[in-house]
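Analysis of the macromolecular model
Next come the chains, spelled out residue by residue.
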Amino acid sequence: MNYRHAYHAGNFADVVKHAVLCRLVEYLKQKDKAFRVIDTHAGIGRYDLASVEAGKTGEWQGGVGRLFEATLEPRAAALLQPYLQAVRAENPDGGLRRYPGSPLIVRHLLRKQDRLTAIELHPEDAARLKAIFAGDFQTRVIELDGWLALGAHLPPKEKRGLVLVDPPFEEEGEFPRLVENLRRAHRRWPGGIYALWYPVKDRKAVAAFRAALKETGIPKLLDIGFEIRPASNEPSLDGSGLVVVNPPFTLEGELRIMLPALHRLLAAEQPSRWTVDWLAGE
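Please read these numbers as outputs of a predicted model, since none were measured by experiment. (Residues numbered from 1 in each chain as written. Predicted model: local features only at pLDDT ≥ 70, side-chain atom pairs only at ≥ 80, totals over all residues. Heavy atoms only, no water.)

1. Side note on unusual backbone geometry
Along the chain, Leu 154 connects to Pro 155 via a cis peptide bond; the corresponding omega equals -10 degrees. Following the sequence through the fold, Pro 155 ends up in the loop between helix H7 (146-152) and strand S6 (161-165). Here Lys 159, not a glycine, exhibits a phi torsion of approximately 65 degrees, which is positive. The residue Lys 159 is located in the loop between H7 and S6 in this model. In this model, Asn 246 sits at a positive phi of 55 degrees, which is unusual for a non-glycine residue. Looking at where Asn 246 falls in the secondary structure, it is placed in the loop between strand S9 (239-245) and helix H10 (251-266). (Helix = DSSP H or I, 4+ residues; strand = E, 2+ residues; numbered from the N terminus.)

2. Some thoughts on the side chain of Asp 238
Inspection of the secondary structure puts Asp 238 in the loop between strand S8 (221-227) and S9. Looking at Asp 238, its side chain comes within polar contact range of the side chain of Ser 236, at 2.8 Å. Setting aside its immediate chain neighbours within four residues, Asp 238 contacts Phe 12, Val 200, Arg 203, Glu 227, Ile 228, Arg 229, Pro 230, Ala 231 and Ser 232. (Polar contact = N/O pair within 3.5 Å; in protein donor to acceptor, adjacent residues only side chain to side chain. Contact = heavy atoms within 4.5 Å.)

3. Side note on the nonpolar core
One recurring pattern in soluble globular proteins: nonpolar side chains tend to sit buried together. Ranked by internal contacts, the top residues of the largest apolar core, which has 93 residues, are Tyr 83, Tyr 99, Leu 162, Tyr 194, Leu 221, Leu 255 and Leu 262. Those residues in contact with Leu 255, other than ones at most four positions away along the chain, are Val 20, Leu 222, Ile 224, Pro 260 and Val 276. (Core = buried A, V, L, I, M, F, W, Y, C linked by side-chain atoms within 4.5 Å. Buried < 20%, exposed > 50% of the residue type's maximum accessible area, 1.4 Å probe, protein only.)

4. Description of the packing of helix H1 (residues 12-28) against helix H4 (residues 74-89)
It is the contact of H1 with H4, at a shortest axis distance of 8 Å, that shows an interaxial angle of 100 degrees. Classified by the angle their axes make, H1 and H4 are roughly perpendicular. On H4, the residues touching Val 15, His 18, Ala 19, Cys 22, Arg 23 and Glu 26 of H1 are Ala 78, Leu 79, Leu 80, Pro 82 and Tyr 83. Grouping the amino acids of the contact of H1 with H4 by side-chain chemistry returns eight nonpolar, one polar and two charged. (Axes fitted to C-alpha atoms, helices over the stretch in contact; angles between N-to-C directions. Parallel < 35°, antiparallel > 145°, perpendicular 65-115°, else oblique. Nonpolar A, V, L, I, M, F, W, Y, C, P; charged D, E, K, R; others polar.)

5. A closer look at the pairing of strand S5 (residues 139-143)
With five bridges connecting them, strand S4 (residues 115-120) and S5 associate as parallel partners. Bridge pairing in S5 places Glu 120 opposite Glu 143. As for the winding sense of the linkage, the β-α-β connection from S4 through helix H6 (residues 123-132) to S5 is right-handed. (Pairing = 2+ DSSP bridges. Right-handed = clockwise from strand over helix to strand, strands pointing away.)

6. Re the packing of H1 against H10
Where H1 meets H10, the axes come as close as 11 Å, and the angle between the chain directions of the two elements is 155 degrees. Classified by the angle their axes make, H1 and H10 are roughly antiparallel. Along this stretch, H1 crosses H10, giving a crossing that reads as right-handed. Contact residues: H1 offers Phe 12, Val 15, Val 16, Ala 19, Val 20, Arg 23 and Leu 24, while H10 offers Leu 251, Glu 254, Leu 255, Met 258, Leu 259, Leu 262 and Leu 266. (Left-handed = near helix turned anticlockwise from the far one by under 90°.)

7. Overview of the side chain of Glu 158
The residue Glu 158 is located in the loop between H7 and S6 in this model. Glu 158 sits in the buried class, given a relative accessible area of 11%. Other than its neighbours up to four places away in sequence, Glu 158 contacts Lys 33, Ala 34, Phe 35, Arg 36 and Arg 115.

8. Topic: H10
For H10, which comprises 16 residues, the first-to-last C-alpha distance of 21 Å matches the rise-based estimate of 22 Å (1.5 Å per residue) to within 8%. Considered for burial, the residues of H10 that qualify are Leu 251, Glu 254, Leu 255, Ile 257, Met 258, Leu 259, Pro 260, Ala 261, Leu 262, His 263 and Leu 266. Contacts from the buried residues of H10 go to H1, helix H3 (64-68), H4, S8, S9 and strand S10 (274-280). (Expected span 1.5 Å × (residues − 1).)

9. Points about the pattern of salt bridges
All chains considered together, the criterion is met by 18 salt bridges. With a shortest N-O distance of 2.7 Å, Asp 136 and Arg 107 are connected by a salt bridge. Taken together, the positions of Asp 136 in the loop between H6 and S5 and Arg 107 in helix H5 (residues 102-109) put the pair 29 residues apart, joining distant regions of the chain. The residues Asp 136 and Arg 107 share a single accessibility class, namely buried. In this structure, the salt-bridge partner of Glu 174 is Arg 177, at a minimum N-O distance of 3.4 Å. Note that Glu 174 and Arg 177 are positioned in helix H8 (residues 174-188) at a spacing of three residues, about one turn of the helix. A relative accessible area of 29% places Arg 177 in the partly exposed class. In the salt-bridge network here, residues are joined through shared partners; they are Arg 203, Glu 227, Arg 229 and Asp 238. (Salt bridge = Lys/Arg side-chain N within 4 Å of Asp/Glu carboxyl O.)

Rendered as structure tokens:
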């Protein structure tokens, strides 16, 4: 599955992933002590929803386009506010023309003592990301294979923080690679929060991935599933997931408020569902 992100920016998977990402960052901000966010597959940072690529799929219209002007029940609206504020910050003239990738969303939420390391392998994409953050002393952009960062950059000197692993799933074997690299990273920094994104396309591969995660012995693993349609006859992105290692104690309750609200807006076909499952831990 080629997941060149310009075609998919702002789709349902981005909305769910970035909404959860914001809740994780907001939790870290509850303590005054500084933290670091490491984004291993950071992309270009900012996406033009009027571009040729975005127009070819129109996926954002079924994602952030539905949420942007929606009226939500108050508890869900409050939890989604940091995410929507980050999106609106990219669209100061109103409307919805630009979509922030994860580095810009995180940067919008950081306090002055916090730091972001954004890692991108593709030279042109890394150059665009460096241009966005030029002169920003709180953000470091590195042109590097994000998988290598899970060794070389852990633990961060702040000893608090979050690692977002959002690979493009362009190659075979990405699910086993996720498991093995998480195992390695967790050995180096067992106290960190990790968020691992994955597509729901091949249901057998997803089931094997979840089973392999359980076998790692990592003590706290929360799996968030979000499907917008039943399994398709033809391969397609029917849903996405996010595995959170060492999730904040507040997260499960927040998900059980946010996910139903998002699912009502973003589900394309029924039957489809959202899930929150402990693979290990509580």
